[in-house]
Amino acid sequence: MGTQKLRYDLRMGAYTRLIQKFEARTAVIGIIGMGYVGLPLALSYADAGFKTLGFDVDDTKVDLLNAGKSYIEHIPNQQIQTLRKQGFAATTDMAMAAEVDALIICVPTPLNQYREPDLSFVVNTMEAIAPHMRPGQIVSLESTSYPGTTEEELLPRIEAQGHSVGSEVFLVYSPEREDPGNGAYDTHNIPKVLGGHTEACMKVGMALYSQAIATIVPVSSTQAAEMTKLLENIHRAVNIGLANELKVVADRMGIDIYEVIDAAATKPFGFTAYYPGPGIGGHCIPVDPFYLTWKAREFGLHTRFIELAGEVNQSMPEFVVGKTITALNEQGKSVKGSQILILGVAYKKNLDDMRESPAVHIMELLRERGAILAYSDPHVPKFPQMRRHHFDLESVPLTADSIAEYDVVVLATDHDAFDYDLVAKHARAIVDSRGKYRKPMDTLVPA
């Protein structure tokens, strides 16, 4: 009985001491995955006064960070240099997991070639750090996944090391909500959803995140937190899919869908404006909904809204290519051998992020048809190495002479840096997938 009580006291001691370390800001924060989610999170914890350690399997990223250099456009070198002065270091050595009090996992969760969840990054990370874990640590998964991932994939791997989760070590799920390039919201002021494996896990998680993030939104379980992130992105995917489908319908009817959306948006209640485009991109919207469709099959359910929206959104690059073919036909030309300039290849305006960019899918479709391609993007000076796509191209400057060389200019990403008047003046034809050249809706201006 005495031995059991001593073990219980030691476990509760780990819980109390860990919370106290977070509240005193003496804890060391380990963040695994130094990408668009992990690096901003490291900056937030450093700003809050914590010592942080960044883990990544990419030697290049680690070397750049330790040299005080950034590889993400909207995070300047100066912020990395300040981060280093605040005690931050980066490493590829997962054994260093033993040196930190919190292990926050921010690794990719892509889809495989069959559009099924690929949890290899999460699983490999957990298997790499689990042997080095010790009592008095918390693990938080921030990578987007289907409900049940934390309990099914992380929990057993921690328990396999002999740790009691909820008393010796703690486990939570808190989905990332990064919006790169958003000037109004950053890691600190975006509310943070949090679910714990146990009540004790939740309290430790609250202590961890409340030091660096202004608002914590607790939910009843890790599964509820996982589902919350999927709902957020499914909501956007479905509504963008609706806007994209209506774009095709309105185009056939000769109606300006942007005018219609702007008119509908004047209603002060019951309507939220979503705009069509060449497809959907980024690390969330093209991927996350399919995590739920896959998991729903386990329960014998078919998520028809989600899958239909996915079909519509994935078809939009073909729609843009069809418009490009029409623009060439009007010049008496075929796609094969035509010179086509893609304006913007990042998935989102004013960023350098290429993940799941619909511009790349448009380029591939045009290349398959024999087009001679070029692109211009001030945020992507050289086309990067990607897992599934490759173009040996560099961004071309936009001048009157260069624009006039191309048979068609396809506006895929509407960066603010582009001189749209210059393009309109000198392009032979423009395929505008972003509504940049639509006429202003002056009917809303009072007489």
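The rules behind each value
Sequence order as written defines residue numbering, which begins from 1 separately in each chain. For a predicted model such as this one, the threshold for reporting local features is a pLDDT of at least 70, and the threshold for listing and counting side-chain atom pairs is 80 or more; totals across whole chains, interfaces and linings nevertheless cover every residue. Values shown for side chains rest on all heavy atoms present in the structure; no hydrogens or waters enter the calculation. Going along the chain from the N terminus, every DSSP run of H or I of four or more residues is numbered as a helix, and every run of E of two or more is numbered as a strand. In this treatment the radius of gyration is a C-alpha quantity, and the globule benchmark scales as 2.2 Å times the residue count to the 0.38 power. Between buried and exposed lies partly exposed: a residue is buried under 20% and exposed over 50% of the maximum accessible area for its type, with that area taken using a 1.4 Å probe on protein chains only. Note on contacts: a residue pair is in contact if any heavy atoms of the two residues lie within 4.5 Å. Patch membership requires more than 30% relative accessible area and the absence of a salt bridge. Residues of like charge join within 9 Å; the nonpolar side chains Val, Leu, Ile, Met, Phe, Trp and Tyr join within 5 Å. Computed by Shrake-Rupley with a 1.4 Å probe, the accessible areas treat only the displayed protein chains as cover when residues are assessed. For salt bridges, the criterion is a side-chain nitrogen of Lys or Arg within 4 Å of an Asp or Glu carboxyl oxygen. A pair of strands is labelled paired if DSSP reports no fewer than 2 bridges between them. For crossovers, right-handed means that the path from the first strand over the helix to the second runs clockwise, given strands pointing away from the viewer. In the analysis that follows, any N or O atom pair within 3.5 Å is treated as a polar contact, provided that within protein one partner can donate a hydrogen and the other can accept it, and provided that, for residues neighboring in sequence, both atoms belong to side chains. In this analysis an axis means a line fitted to C-alpha atoms, helices contributing only their contacting stretch, and an angle means the value between N-to-C directions, from 0 to 180 degrees. With the far helix as reference, a near helix turned anticlockwise by less than a right angle produces a left-handed crossing, and one turned clockwise produces a right-handed crossing. Gly falls in the polar group here, along with every residue not listed as nonpolar (Ala, Val, Leu, Ile, Met, Phe, Trp, Tyr, Cys, Pro) or charged (Asp, Glu, Lys, Arg). In this analysis a 1.4 Å probe is tested at points of a 1 Å grid over the protein atoms alone, and where it fits but cannot get out there is a cavity; an open set with protein on both sides within 12 Å along at least five of seven lines is a pocket; lining residues have an atom within 4 Å of a point. Grid points are joined across faces, edges and corners, and a volume is the space filled by probe spheres set on the points.

A. Broad picture of the overall build of the protein. Tallying secondary structure elements over the protein gives 14 helices and 12 strands in all. Scaling as 2.2 N^0.38, a compact globule of 447 residues should have a C-alpha radius of gyration of about 22 Å, and the protein matches this with 25 Å. With respect to the three principal axes, the spread of C-alpha positions in the protein is 90 × 50 × 50 Å. Counting only residues that meet the buried cut, the protein has 51% of its 447 residues in that class. For the protein, long-range pairs separated by at least 24 residues make up 71% of all intrachain contacts whose partners lie at least 6 apart in sequence.

B. Spatial organisation of a nonpolar patch on the surface. On the surface, Val249, Met253, Ile255 and Val260 cluster together to form a nonpolar patch covering roughly 350 Å² of accessible area. In this structure, Val249 sits in helix H8 (residues 222-253).

C. Molecular detail of the pairing of strand S6 (residues 169-173). Taken across its 5 residues, S6 has 5 buried, putting it largely inside the fold. A two-sided burial pattern is seen for S6, the buried positions comprising Val169, Leu171 and Tyr173 on one face and Phe170 and Val172 on the other. Where strand S5 (residues 137-141) meets S6, 5 bridges bridge the pair, whose relative direction is parallel. Its bridge partner lying in S6, Gln137 is registered against Val169. Running through helix H6 (residues 149-159), the crossover from S5 to the neighbouring parallel element S6 is right-handed. Direction of pairing for S6 relative to strand S7 (residues 192-196): antiparallel, over a ladder of 2 bridges.

D. Structural detail: helix H3 (residues 59-66). At the N-terminal end of H3, a side-chain oxygen is found 2.9 Å from the backbone nitrogen of Thr60, two or three residues along, and the residue is Asp58. Remark: Gly68 follows H3 within two positions and exhibits a positive phi of approximately 80°.

E. Quick peek at the packing of helix H10 (residues 288-297) against helix H11 (residues 304-329). Packing of H10 against H11 brings their axes to within 10 Å, and their N-to-C directions diverge by 140°. Between H10 and H11 the crossing geometry is left-handed. Where H10 abuts H11, its residues Pro289, Phe290, Leu292 and Thr293 lie against Ile306, Glu307, Gly310 and Gln314. Of the residues in the contact of H10 with H11, the class split is 4 nonpolar, 3 polar and 1 charged.

F. Structural context of the pairing of strand S9 (residues 339-343). Where burial is concerned, most of S9 is hidden: 4 out of the 5 residues are buried. Two strands pair when backbone bridges link them, and S9 and strand S10 (residues 372-376) are joined in this way by 5 bridges, in the parallel orientation. Note that in S10 the partner of Ile340 across the bridge is Leu373. As paired elements, S9 and strand S11 (residues 408-411) share 4 bridges and run parallel to each other.

G. Inspection of the sheet that holds S5 at higher detail. If you walk across this open sheet you meet the 8 strands as S3-S2-S1-S4-S5-S6-S7-S8, and the pairing is mixed. The two strands at the open ends of the sheet, each matched to only one other strand, are strand S3 (89-91) and strand S8 (216-218). Neighbour to neighbour, the strand axes of the sheet diverge by 25° on average, direction disregarded. With 3 bridges joining them, S7 and S8 adopt parallel strand pairing. Counted as the bridge partner of Leu194 is Pro218 from S8. With respect to the sheet, H8 is in contact with S6 and S7, its orientation differing from that of S7 by roughly 150°.

H. Representation of the layout of surface pockets. There is about 1600 Å³ of room inside the largest pocket. Lining the largest pocket we find 50 residues, and of these Tyr36, Lys61, Pro108, Arg355 and Arg387 sit closest to its centre. The element contributing the most residues to the lining of the largest pocket is helix H5 (residues 120-129), with 4 residues. By residue class, the composition of the lining of the largest pocket is 22 nonpolar, 15 polar and 13 charged. Of the volumes computed, that of the second largest pocket is approximately 1100 Å³.

I. Local environment of the sheet that holds S11. Spatially, S10-S9-S11-S12 is the arrangement adopted by the 4 strands of the open sheet, whose pairing is parallel. On the outer flanks of this sheet lie S10 and strand S12 (430-432), each paired with one strand and no other. This sheet shows a mean twist of 20° between the axes of neighbouring strands, independent of strand direction. Along the sheet, helix H12 (residues 358-368) makes contact with S9 and S10, crossing S9 at roughly 175°.

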